[in-house]
Amino acid sequence: MSRINWRKGFESGWKTALELVKVVFPVALAVHLAKQTPLLDLLADLLSPVMGWFGLGGEAAIPLVLGNVLNLYAALGAIQALDLTVKQVFVLAVMLSFSHNLFIETALCRRVGVSALLIASVRVGLALVSALLIHWLVPFGDRPAGFRLVSGEPAGENTWMEVAGSAILASLEGVIQLVVIVIPLMLMIQVLKDLGVMERTARLLAPAMKLLGIAPTGAVTLASGLFAGLFFGAGLIIQEAREQNLSRRDIALIMVFLAACHAVVEDTLVFVPLGIPVLPLLLIRLAAAILITLVIARLWKVPAVQSYATAGDGKP
């Protein structure tokens, strides 16, 4: 049995948590302070007609913009600073799961040799369609989302010192909630690596590759993205694609699948502090990934002759 490197997992979790604090705390603090000004009300009024299509208020555009331009953790900081219901947070979580860190991760897909327009269209399209369906079909979730480590809201905030103190406290609460999740999460990922779960997952995925229209040798690449994600796993995905000598069609289908469903452990569990049902979130991503991959595989019937390994710089 493989030895588990707990120290490495804890160090990875601690470093990740520190990086998240640098992103989440200032974003959450800025949003909390902005709530005391007319700024959020103006933004909400401006965007409310569009956001209303998804059952969201105009202020919900803030985490969507932050999540797509920056990363998922910046969006979480903003979500925690807003007054949202469980259903509204679930809608945002699904949208952000499909479409976050859009520019960087799309560029990484481009580096693997897949059309940036294709990947961006898949991710944004799935985010919009899923949000509409959840808004129309999901009947639950009217209670307030998340939980607080300190109960109640400070009363009688008459000065900016009191407002700032309240905003700092609320922002720290959000950061602590994320850190409590992140460190065990990184330990779990380290355990999965040390126990060889990724390799075994690849073997289990091999038979399913044929159903998705992908060569069985693409199972390792797909497993890498499922666990490591597009951002952290980009180098691993590129390396595996070259070593497995995959065709352009196989690479494109794998990246389409991963565009909808990647980093399944991390990107799912980070929403736990917000009090939403995370299992449906994962199942929605997985179902969407399978469906969109099957559709594109059926449309792209003729496999490419040239393999990724002989494709030069990876440009289509």
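Throughout this document, residue positions are counted from 1 along each chain, in the order its sequence is written. Local features in this predicted model are restricted to residues whose pLDDT is 70 or higher, and side-chain atom pairs enter the listing and the counts only when it is 80 or higher, whereas totals over whole chains, interfaces and linings include all residues. Where side-chain values are given, they derive from all heavy atoms of the structure, hydrogens and water being excluded.

**Overview of the overall build of the chain**
Thinking step 1. Broken down by element type, the chain carries 14 helices and zero strands.
Thinking step 2. Across the 316 residues in the chain, those meeting the buried criterion constitute 50%.
Thinking step 3. The contacts in the chain between residues at least 6 apart in sequence include a share of 79% that link residues at least 24 apart.
Thinking step 4. Residue burial considers only the protein chains on display, and all accessible areas are found by Shrake-Rupley using a 1.4 Å probe. Roughly 15200 Å² of accessible area belongs to the chain as shown, and the carbon and sulfur atoms make up 70% of that amount. The helix count covers DSSP runs of H or I at least four residues long, the strand count covers runs of E at least two residues long, and both are numbered beginning at the N terminus. Relative accessibility under 20% of the residue-type maximum defines a buried residue, over 50% an exposed one, and the middle range a partly exposed one, all with a 1.4 Å probe and only protein chains included. Here, residues are in contact when the closest pair of their heavy atoms is within 4.5 Å.

**So, the packing of helix H12 (residues 248-260) against helix H14 (residues 278-299)**
Thinking step 1. Where H12 contacts H14, the axes come no closer than 8 Å and their chain directions differ by 155°. By the criterion of interaxial angle, the relationship of H12 to H14 is roughly antiparallel. Seen from above, H12 lies across H14 with right-handed handedness. Taking contact as the criterion, the partners of Arg249, Leu253, Val256, Phe257 and Ala260 in H12 are, on H14, Arg285, Leu286, Ala288, Ala289, Ile290, Ile292, Thr293, Ile296 and Ala297. To define axes, lines are fitted to C-alpha atoms, for helices over the stretch in contact only, and angles between the resulting N-to-C directions are given on a 0 to 180 degree scale. An angle counts as roughly parallel when it lies under 35 degrees, as roughly antiparallel when it exceeds 145, as roughly perpendicular when it falls between 65 and 115, and as oblique in every other case. Rotating anticlockwise by less than a right angle from the far helix to the near helix defines a left-handed crossing, while the corresponding clockwise rotation defines a right-handed one.

**A short note on a nonpolar patch on the surface**
Thinking step 1. Taken together, the side chains of Val65, Val69, Leu70 and Phe103 make up a nonpolar region of the molecular surface, amounting to roughly 390 Å² of accessible area.
Thinking step 2. Mapped onto the elements, Val65 comes out in helix H3 (residues 61-69). Patch criteria: residues need more than 30% relative accessible area and no salt bridge. Like-charged residues are merged within 9 Å; nonpolar side chains of Val, Leu, Ile, Met, Phe, Trp and Tyr are merged within 5 Å. Definition used for salt bridges: Asp or Glu carboxyl oxygen within 4 Å of a side-chain nitrogen of Lys or Arg.

**Digging into the environment of Phe140**
Thinking step 1. When you line up the elements, Phe140 lands in the loop between helix H7 (116-137) and helix H8 (160-194).
Thinking step 2. With 53 residues separating them along the chain, Phe140 and Lys87 place their C-alpha atoms 6.7 Å apart.

**Focus on unusual backbone geometry**
Thinking step 1. Here Ala263, not a glycine, exhibits a phi torsion of approximately 50°, which is positive.
Thinking step 2. On the accessibility criterion, Ala263 (5% relative accessible area) is buried.

**Structural notes on the environment of Leu281**
Thinking step 1. Inspection of the secondary structure puts Leu281 in helix H14.
Thinking step 2. Each C-alpha atom, one on Leu281 and one on Thr268, is 7.1 Å from the other, the two residues being 13 residues apart in sequence.
Thinking step 3. Setting aside its immediate chain neighbours within four residues, Leu281 contacts Phe90, Ala93, Val94, Ser97, Asp267, Thr268 and Phe271.

**Things to note about the pattern of salt bridges**
Thinking step 1. Tallying each qualifying case throughout the model produces one salt bridge.
Thinking step 2. The shortest N-O distance in the salt bridge between Arg7 and Glu11 comes to 3.1 Å. With Arg7 and Glu11 both in helix H1 (residues 6-34) and four residues apart, the pair spans about one turn of that helix.
Thinking step 3. Owing to a relative accessible area of 35%, Glu11 belongs among the partly exposed residues under this scheme.

**Examining the side chain of Thr293**
Thinking step 1. Relative to the assigned elements, Thr293 resides in helix H14.
Thinking step 2. Under the rule applied, a polar contact is a pair of N or O atoms within 3.5 Å (in protein, one hydrogen donor and one hydrogen acceptor; residues adjacent in sequence only if both atoms are side-chain atoms). Only 2.6 Å separates the side chain of Thr293 from the backbone oxygen of Ala289, close enough to count as a polar contact.

**Here we look at H7**
Thinking step 1. Here, expected helix span is obtained from the residue count minus one, scaled by 1.5 Å. Between the first and last C-alpha of H7 there are 31 Å, a value that for 22 residues agrees with the 32 Å anticipated at 1.5 Å per step.
Thinking step 2. Where H7 begins, one side-chain oxygen reaches toward the backbone nitrogen of Leu117, 3.3 Å away; that side chain belongs to Ser115.

**Some remarks on helix H6 (residues 102-112)**
Thinking step 1. Listing the buried residues of H6 in full gives Leu102, Glu105, Thr106, Cys109 and Val112. Looking straight down H6, one finds its buried side chains confined to an arc of 105°; they lie on one side. This arc is built from the directions going out from the helix axis to the C-beta atoms.

**What to know about the packing of H7 against H12**
Thinking step 1. Taken N-terminus to C-terminus, the directions of H7 and H12 make an angle of 30°; their axes are 9 Å apart at the nearest point. As the angle between them shows, H7 and H12 are arranged roughly parallel. The two elements H7 and H12 cross, and the hand of that crossing is right-handed. Counting all contacts with H7, which are made through Leu118, Ile119, Val122, Arg123 and Leu126, the residues of H12 involved are Met255, Val256, Ala259 and Ala260.
Thinking step 2. Side-chain classes are defined by residue name, with Ala, Val, Leu, Ile, Met, Phe, Trp, Tyr, Cys and Pro counting as nonpolar, Asp, Glu, Lys and Arg as charged, and the others, Gly among them, as polar. Residue composition of the contact of H7 with H12, by class: eight nonpolar, no polar and one charged.

**Describing the confidence of the model for the chain**
Caution is warranted with low-pLDDT regions, since their predicted coordinates should not be read in detail.
Thinking step 1. On average, residues of the chain score 78 in pLDDT, and 80% of them are at 70 or above.
Thinking step 2. pLDDT: the predictor's confidence for each residue, scored from 0 to 100. Low confidence marks residues 147-156, where pLDDT is under 50. Its contacts with residues over four positions away, or in another chain, come to 12 contacts.
Thinking step 3. Between residues 303-316, whose pLDDT stays under 50, and residues either more than four places distant or in other chains, the model counts 34 contacts.

**Re the side chain of Arg249**
Thinking step 1. Counting through the fold element by element, Arg249 comes out in helix H12.
Thinking step 2. For the charge count, each Lys or Arg is scored as positive and each Asp or Glu as negative, with His and the chain ends excluded. The side chain of Arg249 is buried and forms no salt bridge, while Asp250, the nearest opposite charge, is found at 4.4 Å.

**Things to note about the environment of Leu84**
Thinking step 1. Residue placement: Leu84 occurs in the loop between helix H4 (72-80) and helix H5 (86-98).
Thinking step 2. Using a relative accessible area of 7% as the deciding quantity, one classes Leu84 as buried.
Thinking step 3. Residues Leu84 and Glu59 lie 25 residues apart in sequence; the distance between their C-alpha atoms is 9.9 Å.
Thinking step 4. Not counting the four nearest positions on each side in its chain, Leu84 is found in contact with Glu59, Ile79, Val89, Leu92, Pro144 and Ala145.

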